[in-house]
Structure formats: C-alpha cells, structure tokens
Amino acid sequence: MTLTLNSLTDQNRTSLAELEGELGYKFKQRTHLQKALLHKSYAYEQGRSLGLNNETLEFLGDAVLGLAVGHMLLERFPEMNEGELTKLRSGLVKEGHLAVMAKAIGLGKYLLLGKGEDASHGREKSSILACTYEAVVGAVFLDGGYEASNDFVERHFVSRIAEQKVAMYFSDFKSRLQEVFQEKYNQAPVYEVENEEGPDHDKVFTVCVNFRGKALARGTAGSKKEAEQKAAAATLQNLSVLDV
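Residues numbered from 1 in each chain as written. Predicted model: local features only at pLDDT ≥ 70, side-chain atom pairs only at ≥ 80, totals over all residues. Heavy atoms only, no water.

Draft legend 1. Main features of the packing of aromatic side chains. One pass over the structure, following the stated rule, counts 5 aromatic pairs. Seen in terms of ring centroids, Phe 181 and Tyr 185 are 5.4 Å apart; in terms of plane orientation they differ by 50°. Their pairing is tilted. With Phe 181 and Tyr 185 both in helix α10 (residues 161-185) and 4 residues apart, this pair spans about one turn of that helix. With relative accessibility at 16%, the residue Tyr 185 sits in the buried group. In textbook terms, an aromatic cluster arises when at least three aromatic residues are bridged by ring pairs, as seen for Phe 181, Tyr 185 and Phe 211. (Phe/Tyr/Trp six-rings, centres within 6.5 Å; stacked < 30°, edge-to-face > 60°. Helix = DSSP H or I, 4+ residues; strand = E, 2+ residues; numbered from the N terminus. Buried < 20%, exposed > 50% of the residue type's maximum accessible area, 1.4 Å probe, protein only.)

This is the structure in structure tokens:
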C-alpha cells in the first residue's frame, strides 16, 4: 500500500485526536496537523511514496507567530516603545522558548522522525521541537484562518508574557547602565564577584559594581549573571544620589 498523507492521517487518528486535546484546537482537516508533524528525516526515509515534510508549514507558522504575538503585545502594552516590544516578542518566539512550549504539550512524542534522527534523541532537540511548534501554528492557520491561529497563539502565550517581560527587564539593566556611563564618562563600570557561598549545586553570588575604584551597589543571586543584573539595577536606581 502506497503511503500518503491521507493514509498516514487515518493510521494515526487516535494520537492526532489526543494531540488536538493538548493543543485545545480541533482540526477540520487533520491532514494539516499530520503534515506539521512530518520531519524531513521521516519524509526522506519514505522517499517518493510520501515526498513532503513540515518545512513549508514551519515557514508559514513563523510569520503567523510574529504577527499574532506582536498584535497581542501591542494590545497589552500600548505604553511600550518599538524597541521594547521587539525585544519582548523576540524572547517569546525564539527557539529556546518555543521548545519549552512544545515540551509543555508533549509535542515530541507525536513527531514522525526518521530512524536515525529518532535514535539520536531528535524528539528532545530544541531546534526540531521549535520548528514543529511553528509548523503546528501554520497548520492551524491553514485550517481555520487568521482568527483561529490568533486565538490559538493568544491562549498558549498569554500566561508566559509576564515571566518573559521580567526576563527582558533584568537583561536590560547592564546594557542600560553601560549606555549611561559611556555617555557621561566615556568609561564602563566594572563587575566584581565579592562573595560566593553554598555548595556547587546551590551557590549564591554577591557581585559589586565598581567605578573608578568606588563600590556603587551590590546584587546577590543564584548565578553570577543575575547578581550582576541586580547590582546594575541597584546602581541605576541610586544613580542620582551617587557621587561618581
């Protein structure tokens, strides 16, 4: 029997219905969803009998995600400028974050992979999971149009906006402080680890921001990077009263 997208969809109807439940979207044409799960390694193994994969849906889903997430952020944060909105959207649609979202719905187990890719833990690879998530969004768009895909994206992303906004906010403190000091003094502040406590698996770091031999502020956290960001945030907060 020749393998086709229709026969594959029929063969996997139970697992596809289960995935629809995880996605919170019921497809009018399940072939769209099945195609979204077809990795190129599987299609390559099937040769001419199948001759397709999820890459075009991934391309479409990437565009839909960018538009839907951008629209959602603009509605929720009208006070943000273009640069802030762009950074927040980038954090939400980057590969690592999409992979986390794919894992949250167990997308990996529904993937159709070639034997080699499957053996090399392809179901857990961030790149494959992120691309498949994009392909699923593309499949929803083809199946139900922009309104359906926009609703789908909003349901999946709305609970993650707050944590991404916090992450973006913290990631900006060092760069903001750098800009202020470069503009005012043409010189950057220096970050120094003053203290390191706890076992290797649970260390706490205290970092100090120094400028021209003077300690400006300190930050304490479970990683050096986060401690640096907290120290930079404290410096920015107290910059008007610091004698530098």
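Draft legend 2. Here's a closer look at the nonpolar core. In this structure, Tyr 133, Phe 152 and Phe 157 are the most contacted members of the largest nonpolar core, which totals 43 residues. If you list the elements that add at least two residues to this core, you get α2 (13-23), α3 (30-36), α5 (55-76), α6 (82-93), α7 (95-104) and α9 (126-157). For this core, the element with the most residues is α9, which contributes 13 residues. Contacts of Phe 157, omitting those with residues within four sequence positions, involve Leu 65, Val 69, Met 72, Leu 92, His 97, Leu 98, Met 101 and Tyr 133. In this structure, Phe 173, Phe 181, Phe 211 and Ala 231 belong to the second largest nonpolar core, which totals 10 residues. (Core = buried A, V, L, I, M, F, W, Y, C linked by side-chain atoms within 4.5 Å. Contact = heavy atoms within 4.5 Å.)

Draft legend 3. Region of the structure containing the side chain of Ser 7. Mapped onto the fold, Ser 7 is located in helix α1 (residues 5-11). One polar contact links the side chain of Ser 7 to the main-chain amide nitrogen of Thr 4, over a distance of 2.8 Å. (Polar contact = N/O pair within 3.5 Å; in protein donor to acceptor, adjacent residues only side chain to side chain.)

Draft legend 4. Examining the sheet that holds strand β2 (residues 204-211) more closely. With respect to topology, 3 strands assemble into an open sheet ordered β1-β2-β3, the strand pairing being antiparallel. Where the open sheet ends on each side, the last strands, each with one partner, are β1 (190-197) and β3 (214-221). Averaged over all pairs of adjacent strands, the angle between their axes in this sheet comes to 25°, without regard to strand direction. (Pairing = 2+ DSSP bridges. Axes fitted to C-alpha atoms, helices over the stretch in contact; angles between N-to-C directions.)

Draft legend 5. Spatial organisation of α9. For α9, spanning 32 residues, the distance from its first C-alpha to its last is only 18 Å, which falls clearly below the expected 46 Å at 1.5 Å a residue. At Gly 145, α9 shows its largest kink, close to 135°. (Expected span 1.5 Å × (residues − 1). Bend = angle between axes of the 7 residues up to and from the residue.)

Draft legend 6. Summary view of the side chain of Thr 31. By the element assignment, Thr 31 lies in helix α3. Thr 31 has contacts with Leu 5, Asn 6 and Thr 9, leaving out every residue within four places of it along the chain.

Draft legend 7. Structural detail: the pairing of β3. Where β2 meets β3, 7 bridges bridge the pair, whose relative direction is antiparallel. Among the inter-strand pairings, Phe 205 is bridged to a residue of β3, identified as Ala 221. Counting the residues that bridge the hairpin from β2 to β3 gives 2 residues, and of these Arg 212 lies at a positive phi of roughly 55°.

Draft legend 8. Up close: the pattern of salt bridges. A full pass over the atoms with the stated rule returns 13 salt bridges. What you see here is one network of salt bridges that share partners, running through Glu 20, Lys 26 and Arg 30. (Salt bridge = Lys/Arg side-chain N within 4 Å of Asp/Glu carboxyl O.)

Draft legend 9. Spatial organisation of the environment of Ala 102. For Ala 102, the location among the structural elements is in helix α7. Note: C-alpha distance between Ala 102 and Gln 34 (68 residues apart in sequence) is 16 Å. For Ala 102, the residues in contact, after removing those within four places along its chain, are Leu 107, Leu 129 and Tyr 133.

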